[in-house]
Amino acid sequence: MFFFESISLYQALMWVAVVVLLIVFNEVTRKSKWAALGCFVVLPLILTMFVWPKTAGAGSSTGTWFHWVKVYSALAGCIGFYVIRFKKGAVSNKYWLVFPPAILAINISEAVIRDFQCLNLTGMVDGVMMVGGPWNIMNGIAGILNILALCGWGGIYISKKKSKDMIWPDMFGGWIIAYDIWNFAYVYNCVSDHAFYAGLALLIAPTLVAFTVSKGAWLQHRAHTLAAWMMFTMAFPAFVGESMFSVSSSHNTTALFLVSAISLAANVALIVYHCYRIVIYKKNIIKDEIYVGTSSYNKIIEQA
């Protein structure tokens, strides 16, 4: 195949299972504050002390600085969003509302740095096949544009539903799609043999939920599913790299270039539209909600 090596039926079924399990994990942790505390505080402490030092050490495909930083930054996001959702008065505190865009920008920046770092890496590096090239630069730029298009965090509020989801109505659906394309390109560039699961499955799960049953809470869904996946792969790194379910990238340079070119094009289109709305509607990029009044914004407000 062009993007991946051949995919068997049982690998395809496992991919579906991963998507379903991530969605179930997200539903449990968003609807139960005690399950969220157990999964995002207690479990990581146990794994940090007794599991990850053995499974994600030097030489492991999840033993790089990026994986360790990513798992803790994802967990930090989950805990921070938990406080905003359940601590009285937190959502009305402008300083707390800076946290969601800040942790998201930090997470994107981590990947951008890693993309640039992988430019000149070729061959097996920390248990992962690397094929560096201009695609790393293209996608790094796309990630920076994605950060610049973040907006409207002052309008974040907590849903009145039992789940008390953290709703960010100005997180435009086009931004989410551009993010997904960028993030898939990042994984495909830098952790290529993990991209079938850590790219496709991990991105589709929160996006599917955010566009259907829980609109406006994509960032919360993304943090929960990312934390779940990172904890799992840090504990069982062989699943994506050596097991019967692992699917290897084709490592095709044309495929690498194409994926990053699409990512860059999508994020250039996003930033152009973003700037268009700022100019036409005379918006303040720091204080104002840029997409207020759009159909997607109104649908989010109506369902909360």
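Bear in mind the structure is a predicted one, so any value in this text is a computation, not a measurement. (Residues numbered from 1 in each chain as written. Predicted model: local features only at pLDDT ≥ 70, side-chain atom pairs only at ≥ 80, totals over all residues. Heavy atoms only, no water.)

> In this structure, what is going on with the packing of helix α1 (residues 9-31) against helix α9 (residues 218-235)? I would like to understand it.
Each packed pair of helices is defined by two parameters, the angle between the axes and the distance between the axes. The geometry of α1 relative to α9 is characterised by a closest axis approach of 9 Å and an angle of 120 degrees between their N-to-C directions. For the element pair α1 and α9, the recorded crossing hand is right-handed. Residue-level inspection shows Val18, Leu22, Phe25, Asn26, Thr29 and Arg30 of α1 in contact with α9, the latter providing Gln220, His221, His224, Thr225, Ala228 and Trp229. Grouping the amino acids of the contact of α1 with α9 by side-chain chemistry returns five nonpolar, six polar and one charged. (Axes fitted to C-alpha atoms, helices over the stretch in contact; angles between N-to-C directions. Helix = DSSP H or I, 4+ residues; strand = E, 2+ residues; numbered from the N terminus. Left-handed = near helix turned anticlockwise from the far one by under 90°. Contact = heavy atoms within 4.5 Å. Nonpolar A, V, L, I, M, F, W, Y, C, P; charged D, E, K, R; others polar.)

> Looking at this structure, how should I read the pattern of salt bridges?
Working definition: two side chains of opposite charge can pair if their charged atoms are close together. Going through the model one piece at a time under the given rule, you end up with four salt bridges. Here Glu27 and Arg30 are joined by a salt bridge, their closest N and O atoms 2.9 Å apart. You can see Glu27 and its partner Arg30 sitting in helix α1, three residues apart, about one turn around the helix. Overall, the relative accessible area of 5% leaves Arg30 in the buried class. (Salt bridge = Lys/Arg side-chain N within 4 Å of Asp/Glu carboxyl O. Buried < 20%, exposed > 50% of the residue type's maximum accessible area, 1.4 Å probe, protein only.)

> Could you clarify how one ought to interpret the pairing of strand β1 (residues 122-125) in this entry?
Consecutive residues of a regular strand have side chains that alternate between opposite faces of the sheet. Here β1 pairs with strand β2 (residues 128-131) via four bridges, running antiparallel. In the sheet register, Val125 faces β2, and the bridge partner there is Val128. Connecting the antiparallel pair β1 and β2 is a turn made up of two residues, with Asp126 showing a positive phi of about 55 degrees. (Pairing = 2+ DSSP bridges.)

> Could you clarify how one ought to interpret the nonpolar core in this entry?
Soluble globular proteins tend to bury their nonpolar side chains together. In this structure, Leu104, Met171, Trp175 and Trp229 are the most contacted members of the largest nonpolar core, which totals 84 residues. Non-local contacts of Trp229, meaning those with residues more than four positions away in its chain, are made with Val18, Leu22, Tyr197, Ala198, Leu202, Phe239 and Val240. (Core = buried A, V, L, I, M, F, W, Y, C linked by side-chain atoms within 4.5 Å.)

> I keep staring at the environment of Ala102 and nothing clicks. Help me out?
Following the sequence through the fold, Ala102 ends up in helix α5 (residues 99-117). For Ala102, a relative accessible area of 33% puts it in the partly exposed group. Each C-alpha atom of the pair Ala102 and Trp153 lies 10.0 Å from the other, and the pair is 51 residues apart in sequence.

> What exactly am I supposed to notice about α1 here?
In an α-helix there are 3.6 residues to a turn, and that puts residues three or four apart on one side. Here α1 contains 23 residues, and its C-alpha end-to-end distance of 33 Å stays within 8% of the 33 Å for a straight helix at 1.5 Å per residue. All buried positions along α1 are accounted for by Gln11, Trp15, Val18, Val19, Leu22, Phe25, Asn26, Glu27, Thr29 and Arg30. (Expected span 1.5 Å × (residues − 1).)

> Can you help me understand empty space enclosed by the protein in this one?
One pass over the structure, following the stated rule, counts four cavities of 30 Å³ or more. Each pocket or cavity is described by its volume, and for the largest cavity that value is around 370 Å³. Looking at the largest cavity, it is lined by 29 residues, and the ones nearest its centre are Lys70, Leu202, Arg222, Leu226 and Met230. Every element with two or more residues in the lining of the largest cavity is listed here: α4 (65-86), α5, α7 (173-190), α8 (195-210) and α9. Across the lining of the largest cavity, the residue classes break down as 19 nonpolar, eight polar and two charged. (1 Å grid on protein atoms, 1.4 Å probe; cavity = no way out; pocket = protein on both sides within 12 Å on 5 of 7 lines; lining within 4 Å. Points joined across faces, edges and corners; volume = space filled by probe spheres on them.)

> What should I look at first to understand the side chain of Gln11 in this one?
Among the structural elements, Gln11 can be located in helix α1. The exposure class of Gln11 is buried, given its relative accessible area of 8%. Within the structure, the side chain of Gln11 is placed 3.3 Å from the backbone oxygen of Met244, a separation counted as a polar contact. Excluding anything up to four places from it in sequence, Gln11 contacts Ser6, Phe196, Tyr197, Met244, Phe245, Ser246 and Val247. (Polar contact = N/O pair within 3.5 Å; in protein donor to acceptor, adjacent residues only side chain to side chain.)

> Just checking my understanding: could you explain the environment of Lys283 for this structure?
Tracing the backbone shows Lys283 in the loop between α11 (253-280) and α12 (295-303). Taking the relative accessible area as the measure of exposure, Lys283 reaches 22% and is therefore partly exposed. Beyond its immediate chain neighbours, meaning those up to four positions away, Lys283 contacts Arg277, Ile278, Asp288, Glu289, Ile290 and Val292. In terms of polar contacts, Lys283 uses its side chain to reach the backbone carbonyl oxygen of Glu289, at 3.4 Å.

> Honestly, a nonpolar patch on the surface in this entry has me stumped. Any pointers?
Taken together, Val41, Val42, Leu45, Ile46, Met49, Phe50 and Ile79 make up a surface patch of nonpolar side chains, about 640 Å² in accessible area. Looking at the nonpolar patch, the element that brings in the most residues is helix α2 (residues 33-50), giving six residues. With respect to the helices and strands, Leu45 occurs in helix α2. (Patch = residues over 30% accessible without salt bridge, like charges linked within 9 Å, V, L, I, M, F, W, Y side chains within 5 Å. Areas by Shrake-Rupley, 256 points an atom, 1.4 Å probe, with all protein chains shown as cover.)

> Would you take a moment to explain unusual backbone geometry for this structure?
Peptide bonds are mostly trans, and most non-glycine residues show a negative phi. You will see that Lys164, though not glycine, has its phi angle at about 50 degrees, which is positive. Take Lys164: it is sitting in the loop between β3 (157-158) and β4 (166-167). Positive phi is not limited to glycine here, since His251 has a value of about 55 degrees. Note on placement: His251 falls in the loop between α10 (238-241) and α11. Looking at His251, the relative accessible area reads 24%, which means it is partly exposed.

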